[in-house]
Amino acid sequence: MTDDTMARLQTLVDGNDVLLFMKGTPLFPQCGFSNRAVSILSHLGVAFDSVDVLQDQAVRQGIKAFSDWPTIPQLYVKGEFIGGSDIMMEMYESGELAELMAEKGVAAA
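Everything numeric here is computed off the predicted structure, so don't read it as measured data.

Criteria and cut-off values
- Residues numbered from 1 in each chain as written.
- Predicted model: local features only at pLDDT ≥ 70, side-chain atom pairs only at ≥ 80, totals over all residues.
- Heavy atoms only, no water.
- Helix = DSSP H or I, 4+ residues; strand = E, 2+ residues; numbered from the N terminus.
- Buried < 20%, exposed > 50% of the residue type's maximum accessible area, 1.4 Å probe, protein only.
- Contact = heavy atoms within 4.5 Å.
- Pairing = 2+ DSSP bridges.
- Axes fitted to C-alpha atoms, helices over the stretch in contact; angles between N-to-C directions.
- Expected span 1.5 Å × (residues − 1).
- Arc of directions from axis to C-beta.
- Salt bridge = Lys/Arg side-chain N within 4 Å of Asp/Glu carboxyl O.

A. Focus on the environment of Val13. Within the secondary structure, Val13 sits in helix α1 (residues 3-14). The class of Val13 is buried, set by a relative accessible area of 1%. Sequence spacing of Val13 and Cys31 is 18 residues, and the spatial spacing of their C-alpha atoms is 22 Å. The residues contacting Val13, other than those within four sequence positions of it, are Leu19, Phe21, Phe66, Tyr76 and Gly79.

B. Up close: the sheet that holds strand β2 (residues 49-52). Strand order in the open sheet formed by 4 strands is β2-β1-β3-β4, and the pairing between neighbours is mixed. Among the strands making up the open sheet, the edge pair consists of β2 and β4 (80-83). Strand after strand, the sheet turns through a mean of 25 degrees between neighbouring axes, direction not considered. Where helix α2 (residues 32-44) meets the sheet, it contacts β1 (18-22) and β3 (74-77), and its direction lies at approximately 165 degrees from that of β1. Across the face of the sheet, helix α3 (residues 57-67) comes into contact with β1, β2, β3 and β4 while running at roughly 60 degrees to β3.

C. Structural detail: α1. For α1, spanning 12 residues, the distance from its first C-alpha to its last is 16 Å, which sits close to the expected 16 Å at 1.5 Å a residue. Every buried residue of α1 is accounted for by Thr5, Leu9 and Val13. Buried residues along α1 cover an arc of 70 degrees about the axis, so they all sit on one side. Of the exposed residues in α1, those oriented more than 90 degrees away from the buried face are Asp3, Asp4, Thr11 and Asp14. Residues of α1 that are buried make contact with β1, α3 and β3.

D. Representation of the pairing of β3. Neither face of β3 is open: one carries Gln74 and Tyr76, the other Leu75 and Val77, and all of them are buried. With 4 bridges connecting them, β1 and β3 associate as antiparallel partners. Across the sheet, the residue bridging to Leu20 is Leu75, located in β3. Strand direction decides the pairing type here: β3 and β4, joined by 3 bridges, are antiparallel. Looking across to β4, one finds that Leu75 is bridged to Gly83. Between the antiparallel neighbours β3 and β4 lie 2 residues, among them Lys78 with a positive phi of about 50 degrees.

E. Spotlight on the pattern of salt bridges. Here the structure, examined in full by the defined rule, presents 4 salt bridges. The salt bridge involving Lys78 is made with Asp17; its shortest N-O contact spans 3.6 Å. Of this pair, Lys78 sits in the loop between β3 and β4 while Asp17 sits in the loop between α1 and β1, placing them 61 residues apart in sequence. Exposure remark for Lys78: the relative accessible area of 37% places this residue in the partly exposed category.

The analysis is restricted to geometry; functional conclusions fall outside its scope.
Okay, here's the thing in structure tokens:
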């Protein structure tokens, strides 16, 4: 991964309270896992931004190295990598994800 891509990813992560790297967009997710991640965030009622990794191959590959996580989607909250859709689902079901959002002071949508 280039330094430019790394810097771009860091800027994106730092510039958004809740950021979801996903395949597609929140309105048109391009895979089931991205769809599930969007649904979880929508159910929590938090404002979030997203990056469609299908639009940029450098971001698609770079985010995997950036987070040291092999799959998409990836959720970041206040600059912290949280995980993919399975981890999001577990945290959502246990109430941990809602607690995390509250602790971090994430704005409602």
